[in-house]
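Letter by letter, the chains look like this.
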Amino acid sequence: SIDSDKKSLTHEQTQPKPKVCSEAEDTSPSTSSELLLSVPFYVYEELAWINATIQDKLVGDMAKAHGGHGNRFKHGDDYWLLEASLKHPMRTRNKSEAKLFFVPWLLNFFDFRSYQDVKLCWNGKCNMDLLLDAVTSLQETETFQLYPDRHIVVRSFYAAHWESWNQQLERRHKDAYQQFLGVFQQMQVITFEGKDLYPNPGRRFNFPSYYVGTPCSKHSDEKPFDVAMVASLSPQKPKFQHRRNLCQWLQNGKNGESKSISDLKISVCGYGDQCPALAKSKFGFHVAGDTFTSQRLMDTVLSGGVPIFTHLQQYPMAGGEWIDWNQLSYYIPIHNDTNLKSAPEREGKVKRLKGANQNLTTQPTSRYSMQHPASESSVLERMGAILHDKKGYEERYRKILQHMPLFEYTTLHPFDTYMYLFQAELYPETRHRPEVYSCQWSALKLPPPLFDDHP
């Protein structure tokens, strides 16, 4: 649960003083390191559903342990960002001092409870009554009336971007849901895979959420296995054929049936225990299921594994706009875009993807990799090349350990990164020079300053 007995600190008392790399100490993931956000923000703690319950269970308990395996709720980022907002040193309790405003509604839990048709309750109100009360309270504040576009909210449950899902909620709740949308559309938002049903170009920014990963309790430098992918193979789902193909091909490589690779050491591919499989493996495959993304990427990173992406679409959806995944991962294409009908369309898609991540220059972006289905031989050949790239692996592994806090929701860093991204868009004159953060976070590629007055 959230500690409500925090000392009241002013913005002036807590404002971090950024250092350039030459002045910064050597830090490690276990030490406090430089935060990015440099403008004060206000969080509407009075609107936070701190002790809300869902299915008679505290949302905090559900966020920390959901499902039979005790993993964190993968869509619980709204809860963890709420917790971080109350602890961040740039928080101010003076609304007139704030440049940004964080709205701590737990919309992921709201959408989840609606999808599961169960009750989400807090302070004597449940479900839509709870949301409508929060919306009305926010609408009545002077700060929202004056600066709605400086308000930031999280809505990243996977069904939230479905038009059919929002239409269903509207049919159920009519005027109440329309009132919510009228407020929601004015705010900046963290969304599922960066998808926004209600775009407002130039005034509304959205960034894709990280899934909430569950780390193995201990990651180890001892990696007796080469690769792992702990995932459902769902034989009844055509979309999961890529996963089934991959596991079969890797098994063939393990059995020495391929000329490209022999004696491949597989921890788990398919069903199995996540831990210690991920912690004991050098690499973890990030393969699409129902959508291009999954919590598997964050599970791998937080357990000390180097991820292997399998489709170009996965990069922008995993924060590729501000994370240089080239430094942290490898790429083996195993998917086939069957919806791309012509070469010009394929080329256009490649250009858009490269535009979303300018540092993808070393990733394959040829039409071949997107047009043709992967073969067993091509996948195993690339896997063999990765296994032989010992220097590249060591460098990526070192950087995974260095950057792990950026993806760990129990730290302040995910909240800090998102808030800084909004700061950089809304107050571009406050953007940091790369020298301020690149020593600690070399894989961050944040918006550049408007004016470079540094000699």
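Provided above is the structure to which this section pertains.
Residues numbered from 1 in each chain as written. Predicted model: local features only at pLDDT ≥ 70, side-chain atom pairs only at ≥ 80, totals over all residues. Heavy atoms only, no water.

1. So, helix α14 (residues 376-388)
Okay, step 1: Over its 13 residues, α14 extends 18 Å from the first C-alpha to the last, a length consistent with the 18 Å expected when each residue adds 1.5 Å.
Okay, step 2: Within the sequence span of α14, burial applies to V379, L380, M383, G384, I386 and L387. Taken around the axis of α14, the buried residues stretch over an arc of 160°, which confines them to a single face. Turned more than 90 degrees off the buried face of α14, the exposed positions are E381, A385 and H388.
Okay, step 3: Here the buried face of α14 lies against β10 (225-230), α9 (241-254), β12 (281-286), β13 (306-309), β14 (330-331) and α15 (390-403). (Helix = DSSP H or I, 4+ residues; strand = E, 2+ residues; numbered from the N terminus. Expected span 1.5 Å × (residues − 1). Buried < 20%, exposed > 50% of the residue type's maximum accessible area, 1.4 Å probe, protein only. Arc of directions from axis to C-beta. Contact = heavy atoms within 4.5 Å.)

2. Regarding the state of the cysteines
Okay, step 1: Using the criterion set out here, one finds three disulfides in the structure.
Okay, step 2: What pairs with C247 in a disulfide is C269, and their sulfur atoms sit 2.1 Å apart. A torsion of -85° about the S-S bond marks the disulfide between C247 and C269 as left-handed. Of this pair, C247 sits in helix α9 while C269 sits in strand β11 (residues 266-270), and the two are 22 residues apart along the sequence.
Okay, step 3: C247 gets classed as buried once you look at its relative accessible area, which sits at 10%.
Okay, step 4: Taken in N- to C-terminal order, the disulfide-linked cysteines of the protein chain are connected 1-2, 3-6, 4-5. (Disulfide = S-S within 2.5 Å.)

3. Section: the sheet that holds β10
Okay, step 1: Reading across from one edge, β11-β10-β12-β13-β14 is the order of the five strands in this open sheet, with parallel pairing throughout. Edge positions in the open sheet fall to β11 and β14, since each of these has one partner strand only.
Okay, step 2: Relative to β11, β10 runs parallel, the two sharing three bridges. Paired with V227 across the two strands is I266, which belongs to β11.
Okay, step 3: Against the sheet, α9 contacts β10, β11 and β12, and its axis sits at roughly 150° relative to β11.
Okay, step 4: Along the sheet, α15 makes contact with β12, β13 and β14, crossing β13 at roughly 110°. (Pairing = 2+ DSSP bridges. Axes fitted to C-alpha atoms, helices over the stretch in contact; angles between N-to-C directions.)

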